[in-house]
Amino acid sequence: AQSVTQPDIHITVSEGASLELRCNYSYGATPYLFWYVQSPGQGLQLLLKYFSGDTLVQGIKGFEAEFKRSQSSFNLRKPSVHWSDAAEYFCAVGGQGQGGKLIFGQGTELSVKP
Amino acid sequence: GAVVSQHPSRVICKSGTSVKIECRSLDFQATTMFWYRQFPKQSLMLMATSNEGSKATYEQGVEKDKFLINHASLTLSTLTVTSAHPEDSSFYICSALGTNGGYSNQPQHFGDGTRLSIL
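The following paragraphs examine the structure supplied in this document. All values reported here derive from a predicted model rather than from experimental measurement. (Residues numbered from 1 in each chain as written. Chains lettered and ligands numbered in written order. Predicted model: local features only at pLDDT ≥ 70, side-chain atom pairs only at ≥ 80, totals over all residues. Heavy atoms only, no water.)

## Observations concerning unusual backbone geometry
Most peptide bonds take the trans form, and the phi angle of most residues other than glycine is negative. Residues and elements named next belong to chain B. Residue Pro8 is reached from His7 by a cis peptide bond, and omega for that bond is 0 degrees. Structurally, the position occupied by Pro8 is in the loop between strand 1 (4-7) and strand 2 (10-13). Residues other than glycine seldom take positive phi values, yet Lys41 does so here, at roughly 60 degrees. Within the secondary structure layout, Lys41 lies in the loop between strand 4 (30-38) and strand 5 (44-51). With a phi angle near 45 degrees, Ser83 is a residue other than glycine that sits in the positive phi range. You can see Ser83 is positioned in the loop between strand 8 (76-81) and strand 9 (90-98). Classification of Ser83 as partly exposed rests on a relative accessible area of 34%. (Helix = DSSP H or I, 4+ residues; strand = E, 2+ residues; numbered from the N terminus. Buried < 20%, exposed > 50% of the residue type's maximum accessible area, 1.4 Å probe, protein only.)

## Details of the packing of aromatic side chains
Note on aromatic pairs: each is described by the distance of the centres and the angle between the planes. All names here are of chain B. Evaluation of the coordinates by the stated rule reveals 15 aromatic pairs over all chains. Measuring from ring centre to ring centre gives 6.5 Å for Phe34 and Tyr36, while their planes differ by 40 degrees; the resulting arrangement is tilted. Judged by its relative accessible area of 0%, Phe34 falls in the buried class. With relative accessibility at 1%, the residue Tyr36 sits in the buried group. (Phe/Tyr/Trp six-rings, centres within 6.5 Å; stacked < 30°, edge-to-face > 60°.)

## Thoughts on the side chain of B:Thr82
All names here are of chain B. Positionally, Thr82 belongs in the loop between strand 8 and strand 9. A polar contact of 3.1 Å, which involves the side chain of Thr82, links it to the backbone oxygen of Asp65. Residues in contact with Thr82, not counting those within four places in the same chain, are Thr17, Ser18, Asp65, Lys66 and Leu68. (Polar contact = N/O pair within 3.5 Å; in protein donor to acceptor, adjacent residues only side chain to side chain. Contact = heavy atoms within 4.5 Å.)

## Considerations on the pairing of strand 3 (residues 19-25) of chain B
Residues and elements named next belong to chain B. Burial along strand 3 is one-sided: Val19, Ile21, Cys23 and Ser25 are buried, while Lys20, Glu22 and Arg24, pointing the other way, are not. Bridge count for strand 1 against strand 3 is 4 bridges, and the pairing is antiparallel. Bridge pairing links Ser5 to Arg24 in strand 3. Two strands pair when backbone bridges link them, and strand 3 and strand 8 are joined in this way by 6 bridges, in the antiparallel orientation. Within the sheet, the bridge partner assigned to Glu22 lies in strand 8 and is Thr78. (Pairing = 2+ DSSP bridges.)

## Considerations on the state of the cysteines
Per the counting criterion, the structure on display carries 2 disulfides over all chains. The disulfide partner of A:Cys23 is A:Cys91, and the S-S distance across this bridge is 1.9 Å. Negative torsions about the S-S bond denote left-handed disulfides, and the value of about -65 degrees found for A:Cys23 with A:Cys91 makes this one left-handed. Of this pair, A:Cys23 sits in the loop between strand 3 (19-21) and strand 4 (24-26) while A:Cys91 sits in strand 10 (residues 87-95), and the two are 68 residues apart along the sequence. Overall, A:Cys91 belongs to the buried group, its relative accessible area being 0%. A sulfur-sulfur distance of 2.0 Å marks the disulfide that ties B:Cys23 to B:Cys94. Between B:Cys23 and B:Cys94, the S-S torsion sits near 80 degrees, and that sign places the bridge as right-handed. Taken together, the residues B:Cys23 in strand 3 and B:Cys94 in strand 9 connect sequence positions 71 residues apart. (Disulfide = S-S within 2.5 Å.)

## Considering the pattern of salt bridges
It is possible for side chains bearing opposite charge to pair when their charged atoms get close. In this structure the tally under the stated criterion is 8 salt bridges over all chains. Residues A:Arg22 and A:Asp8 are paired through a salt bridge, measuring 3.0 Å at the closest nitrogen-oxygen approach. Note that A:Arg22 is positioned in the loop between strand 3 and strand 4 and A:Asp8 in the loop between strand 1 (3-5) and strand 2 (10-14), a separation of 14 residues in sequence. The salt bridge partner of A:Glu109 is B:Lys41, with a shortest N-O separation of 3.4 Å. Here the residue A:Glu109 occupies a position in strand 12 (residues 108-113), and B:Lys41 occupies one in the loop between strand 4 and strand 5, the pair thus bridging two chains. The class of A:Glu109 is partly exposed, set by a relative accessible area of 24%. Under the relative-accessibility criterion, B:Lys41 is labelled exposed at 68%. The network of salt bridges with common partners includes A:Glu64, A:Glu66 and A:Arg77. (Salt bridge = Lys/Arg side-chain N within 4 Å of Asp/Glu carboxyl O.)

Put into structure tokens, the structure is as follows:
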């Protein structure tokens, strides 16, 4: 079955500390992988995406993610978190022939301590 | 970047009324739009996939007579919640998928959502 798992429901980090949000997927074909961020009461903003090629992907706002096929993971990282990064983060997977449909993880809520 | 406008952002109405939510792609053509429902502190639940000029495809368990979807142009899709009841109160989000030579590896671009409250 196709699925996305974000093991951490809620993470708290101190401002300036590094961040890693975990994402594991189960997908029968070559996955297209995405990370989105959602602020309260807002829609989702695309942070970065992976389709093919270099497995380390750079995104907006200083985020990056690494695709590891052997671990079926696509973890999101940021070297130094800012208070404005507090939000909900969603990992999603799609693929060819799916008409653009995505499967979303449960989300990870990030809190940032001053 | 790609912009998707969703309107209205918030609706409060009485039980039994119908509510229409619009989703527009402002700077690109969207052959496919998606409608999601999101409960508090939860992930997005796909309700239906809307393709321009054809009938929407609904996910299992979603009442198509309750949630009417129309995708009449490449820039506009609408979701109408018919005879809304308090249990329909939720956050509804649309997204749009741009055309790119038929490739499906395009990210979805999301609207800002509509908070629907039925009294």
